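# Architecture and fold: a report
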Amino acid sequence: MNLDLKNKKICIAGSSRGIGIAIARAFVNEGSSVMLSGRTQKTIHEALVQLGPQASGIAVDLLTDAGIATFASEVKKNFKNIDALILNLGNGNLERALSPTRDEWKVGFEYNFLSSVLTTQRMLPLMKDGSSILFTSSIVALESTSAPLPYTSSKAALNNYAKNLSMLLASKRIRVNI
């Protein structure tokens, strides 16, 4: 399949395993260069071995400002600018409870909302006019399910952020999708 992605520069936050590495593999197969992030050096190394020379990556904690800054710096150093930013960040492994604690709410929103929002803000100066931002969300943002309340609420907030961000970036022809 030719999706006209040859020589595109793709930044994928949360990409060393699972859905993230599958996304990276698809881009590499289309001829793109990808920059990965993951939580551990081990998973990044394993991903880079699988993906080959079109991939580079770094182990960072995107729950921290320092981790986000390090990732953005590495992306800028390797790519200068990017054609697409994919935010595959989140964690649904939360307790299902009628009354989640303050800490459970914080964890849910930090993993599933703030990490994506703050990473996006840091990467915006690297985005070309006409580039794309894609957020990985979940059906729980749209449908009533038995998933944990902090997870469903934080994914709904992410969807709303993406919709509003798309209007703010329209003048730069930066597409935003969920």
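The sections below set out a description of the structure shown in this document. (Residues numbered from 1 in each chain as written. Predicted model: local features only at pLDDT ≥ 70, side-chain atom pairs only at ≥ 80, totals over all residues. Heavy atoms only, no water.)

## Describing the environment of Val 75
- Among the secondary structure elements, Val 75 is positioned in helix 3 (residues 65-79).
- What makes Val 75 buried here is its relative accessible area of 0%.
- Considering only alpha carbons, one finds Val 75 and Ile 10, 65 residues apart in sequence, at a separation of 9.4 Å.
- Discounting residues that sit within four places of it in the chain, Val 75 has contacts with Cys 11, Met 35, Lys 80, Ile 82, Met 123 and Leu 126. (Helix = DSSP H or I, 4+ residues; strand = E, 2+ residues; numbered from the N terminus. Buried < 20%, exposed > 50% of the residue type's maximum accessible area, 1.4 Å probe, protein only. Contact = heavy atoms within 4.5 Å.)

## As for the packing of aromatic side chains
- On inspection of all chains with the given rule, the structure shows 4 aromatic pairs.
- Taken together, a centroid distance of 6.3 Å and an interplanar angle of 35° make the contact between Trp 105 and Phe 109 tilted. Of this pair, Trp 105 and Phe 109 both sit in helix 4 (residues 102-123), separated by 4 residues, roughly a single helical turn.
- Trp 105 gets classed as partly exposed once you look at its relative accessible area, which sits at 29%.
- Aromatic side chains Phe 109 and Phe 113 sit 6.1 Å apart centroid to centroid with 70° between the ring planes, which places their arrangement in the edge-to-face category. Placement of the pair is Phe 109 and Phe 113 together in helix 4, with a separation of 4 residues, close to one helical turn.
- Accessibility expressed as a relative area gives 25% for Phe 109, which makes it partly exposed.
- What links up through ring pairs into an aromatic cluster is the set Trp 105, Phe 109, Phe 113, Phe 135 and Tyr 161. (Phe/Tyr/Trp six-rings, centres within 6.5 Å; stacked < 30°, edge-to-face > 60°.)

## A closer look at unusual backbone geometry
- Unusually for a residue other than glycine, Asn 7 sits at a positive phi of about 70°.
- Topologically, Asn 7 is positioned in the segment before strand 1 (9-13).
- Here Asn 7 falls in the exposed class, since its relative accessible area comes to 60%.
- With phi around 70°, Lys 80 is a residue other than glycine that occupies positive phi space.
- Note on placement: Lys 80 falls in the loop between helix 3 and strand 4 (82-87).
- According to the relative accessible area criterion, Lys 80 is exposed, its value standing at 66%.

## A short note on the nonpolar core
- Among the nonpolar cores identified, the biggest contains 29 residues, and Phe 71, Val 75, Ile 82, Leu 85, Met 123, Ile 133 and Phe 135 are the most heavily contacted of them.
- Elements that contribute at least two residues to this core include exactly strand 1, helix 3, strand 4, helix 4, strand 5 (127-135) and helix 5 (149-169).
- In contact with Ile 82, not counting residues within four places along its chain, are Lys 9, Cys 11, Val 75, Leu 126, Met 127, Lys 128 and Ser 131. (Core = buried A, V, L, I, M, F, W, Y, C linked by side-chain atoms within 4.5 Å.)

## Describing the packing of helix 3 against helix 4
- Where helix 3 contacts helix 4, the two axes come as close as 10 Å, and the packing angle between them is 40°. Taken together, helix 3 and helix 4 sit at an angle that is classed as oblique. For the crossing formed where helix 3 meets helix 4, the hand is right-handed. Contact residues: helix 3 offers Asp 65, Ile 68, Ala 69, Phe 71, Ala 72 and Val 75, while helix 4 offers Ser 115, Leu 118, Thr 119, Arg 122 and Met 123.
- Residues of the contact of helix 3 with helix 4, tallied by class, amount to 7 nonpolar, 2 polar and 2 charged. (Axes fitted to C-alpha atoms, helices over the stretch in contact; angles between N-to-C directions. Parallel < 35°, antiparallel > 145°, perpendicular 65-115°, else oblique. Left-handed = near helix turned anticlockwise from the far one by under 90°. Nonpolar A, V, L, I, M, F, W, Y, C, P; charged D, E, K, R; others polar.)

## Description of the layout of surface pockets
- Of the pockets and cavities examined, the largest pocket occupies roughly 620 Å³.
- Residue composition of the lining of the largest pocket, by class: 7 nonpolar, 18 polar and 4 charged.
- Taken as a whole, the second largest pocket holds about 230 Å³ of empty space.
- What lines the second largest pocket is a set of 18 residues, and nearest its centre among them are Leu 5, Asp 83, Ala 84, Ser 132 and Arg 175. (1 Å grid on protein atoms, 1.4 Å probe; cavity = no way out; pocket = protein on both sides within 12 Å on 5 of 7 lines; lining within 4 Å. Points joined across faces, edges and corners; volume = space filled by probe spheres on them.)

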